[in-house]
Amino acid sequence: MTDLGNDLTVPVTEDDHLQGNIDAALVLVEYGDYECVHCGRAYPIVKKIQQHLGKDLCFVFRNFPLSQSHPHAEHAAEASEIADAGGKFWEYHDVLFENQDALDDSSLATHAANLGLDEEGFQNELQGGTYEDKVQQSFMSGVESGVNGTPSFFVNGSRYDGDWEYEPLMEYLSSLR
Amino acid sequence: MSNILSAGTPAPDFALQSTAGTSAGDAGEMVKLSDLKGKNVVLAFYPADWSAVCGDQLALYNELIPMFEKLDAELIGISVDSAFCHQAFRENREYKIRLLADFEPKGEVARKYGVYREQDGFTERALFVIDAEGVIRWSYLSPMEINPGANHILEALKEIKEGVHHD
């Protein structure tokens, strides 16, 4: 074992949840957990960075639920995939991070209904675990890439070990532009 | 700078307390490394219970227990905290991984593995993957402030499973 790097083992593709152009100069990938308070704190920081960098940035969110630590994280992640199938991934992602104290199954359904997603279909897919495997694959891709907690960020494919407060992360990203 | 034991070295044996007893004089349960022969063991030395980076690191390992089991391995945490401290920490975080107390003589096991920090009395953040015969197959000294994740542990365990040798 000679490679001690921490690089994405699954490259970013159009199948990812992404905002911006996949060919942008900067591709920021977050492995996150909707119930993690640190991810909740990172959420507005990422938004601000997106606003600041505009078309130079492609932002990707990958589910990494720490379900042993966070009882609602797995279902929240699966629910975001159901929302994705209904074309509402980012709206749902935002609602979850803005309502981290309301992530139980009934709240997840309410958030979905508020976005106009089909309620019965949502419940069936959530309870049936339709996206369990997809979320697990996302989780394992993170583990194998060196995700070490949530949130974990990767910039242009490599793990970012620096501080992710707005200024240091922004400074780092700007230096690569 | 610590002199961390490297791949190919037999893992020094030890017996450490894994659970708190009913009182300070009661030893509680012990874990003896040589009793774990026959399966792979991952030793994760970390500086201290309750500090933020350690917490995240152990939370990740706790999530990966089924993955370690698939690779015939158990991951065990070690720090110089006492068994009572570990017990409170595990209960608070709901961790299922075992945490060993390298408490008396303080840091003795960490010294044997070359990961004790004389300068501040903590253990380094260091990982050892030990095979079923008790030989270290991979070791890694992480910068204190960086959580090393699990990817390289899993790679080392997969190499053991596939019979790849580097020593």
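Residues numbered from 1 in each chain as written. Chains lettered and ligands numbered in written order. Predicted model: local features only at pLDDT ≥ 70, side-chain atom pairs only at ≥ 80, totals over all residues. Heavy atoms only, no water.

Going by an unreviewed UniProt entry, chain B carries the name Thioredoxin peroxidase and comes from Pedobacter hartonius. In its Function (unreviewed entry) section, the UniProt entry covering chain B states "Thiol-specific peroxidase that catalyzes the reduction of hydrogen peroxide and organic hydroperoxides to water and alcohols, respectively. Plays a role in cell protection against oxidative stress by detoxifying peroxides." Heading Sequence similarities (unreviewed entry) of the UniProt record for chain B holds this comment: "Belongs to the peroxiredoxin family. AhpC/Prx1 subfamily." (UniProt positions renumbered as here; feature names shortened; annotations may be inferred.)

With an unreviewed UniProt entry as reference, chain A is termed Protein-disulfide isomerase, source organism Pedobacter hartonius. In its Sequence similarities (unreviewed entry) section, UniProt records this for chain A: "Belongs to the thioredoxin family. DsbA subfamily."

S.K.: Residue-level account of the interface of chain B and chain A, with values.
M.R.: Listed per partner, the contact involves 23 residues of chain B and 22 residues of chain A. When chain B packs against chain A, the two sides together hide about 1,800 Å² of surface, and 55% of this comes from carbon and sulfur. Among the residues of chain B in contact with chain A, B:Glu63, B:Asn151 and B:His152 are the three that bury the most area, contributing 30% of the side total. One can count one salt bridge joining chain B with chain A. A salt bridge links B:Lys158 to A:Glu144, with the shortest nitrogen-to-oxygen separation between them at 3.6 Å. No other element matches helix H5 (residues 151-162) of chain B, which puts seven residues into the side of chain B that touches chain A. Along the lines of polarity and charge, the residues of the side of chain B that touches chain A split into 11 nonpolar, six polar and six charged. (Contact = heavy atoms within 4.5 Å. Buried area = accessible area lost by both parts, 1.4 Å probe. Salt bridge = Lys/Arg side-chain N within 4 Å of Asp/Glu carboxyl O. Helix = DSSP H or I, 4+ residues; strand = E, 2+ residues; numbered from the N terminus. Nonpolar A, V, L, I, M, F, W, Y, C, P; charged D, E, K, R; others polar.)

S.K.: Provide a residue-level description of the packing of aromatic side chains, including the pertinent values.
M.R.: Tallied over the entire structure, the rule returns 21 aromatic pairs over all chains. Judged by centre distance (4.2 Å) and plane angle (20°), the ring pair of A:Phe64 and A:Phe139 falls under stacked. With A:Phe64 in the loop between strand S3 (57-63) and helix H2 (73-85) and A:Phe139 in helix H6 (residues 132-145), this pair connects stretches of sequence that are 75 residues apart. In this pair, the class of A:Phe64 matches that of A:Phe139, namely buried. Ring pairing ties together the aromatic residues A:Tyr34, A:Tyr43, A:Phe59, A:Phe61, A:Phe89, A:Trp90 and A:Phe97, which thus form one cluster. For A:Lys48, the ring lying beneath its charged end belongs to A:Tyr166, and the centroid distance is 4.2 Å. A cation over a ring is seen here: B:Arg111 above B:Tyr116, with NZ or CZ 4.0 Å from the ring centre. (Phe/Tyr/Trp six-rings, centres within 6.5 Å; stacked < 30°, edge-to-face > 60°. Buried < 20%, exposed > 50% of the residue type's maximum accessible area, 1.4 Å probe, protein only. Lys NZ or Arg CZ within 6 Å of the ring centre and 35° of its normal.)

S.K.: Which residues make up the sheet that holds strand S1 (residues 17-19) of chain A, and what values do they have?
M.R.: Residue and element names in this part refer to chain A. Pairing in this open sheet of five strands is mixed, and the strands run S1-S3-S2-S4-S5 from one edge to the other. With partners counted over all chains shown, the strands left at the sheet margins are S1 and strand S5 (158-160), one partner each. Within this sheet the neighbouring strands show an average axis-to-axis angle of 30°, counted without direction. The pairing of strand S2 (residues 26-32) with strand S4 (residues 152-155) spans four bridges and is antiparallel. Residue pairing for S4: Leu28 is matched across the bridge by Val155. Packing of helix H1 (residues 37-53) onto the sheet brings it into contact with S1, S2, S3 and S4, and relative to S3 it is tilted by some 160°. (Pairing = 2+ DSSP bridges. Axes fitted to C-alpha atoms, helices over the stretch in contact; angles between N-to-C directions.)

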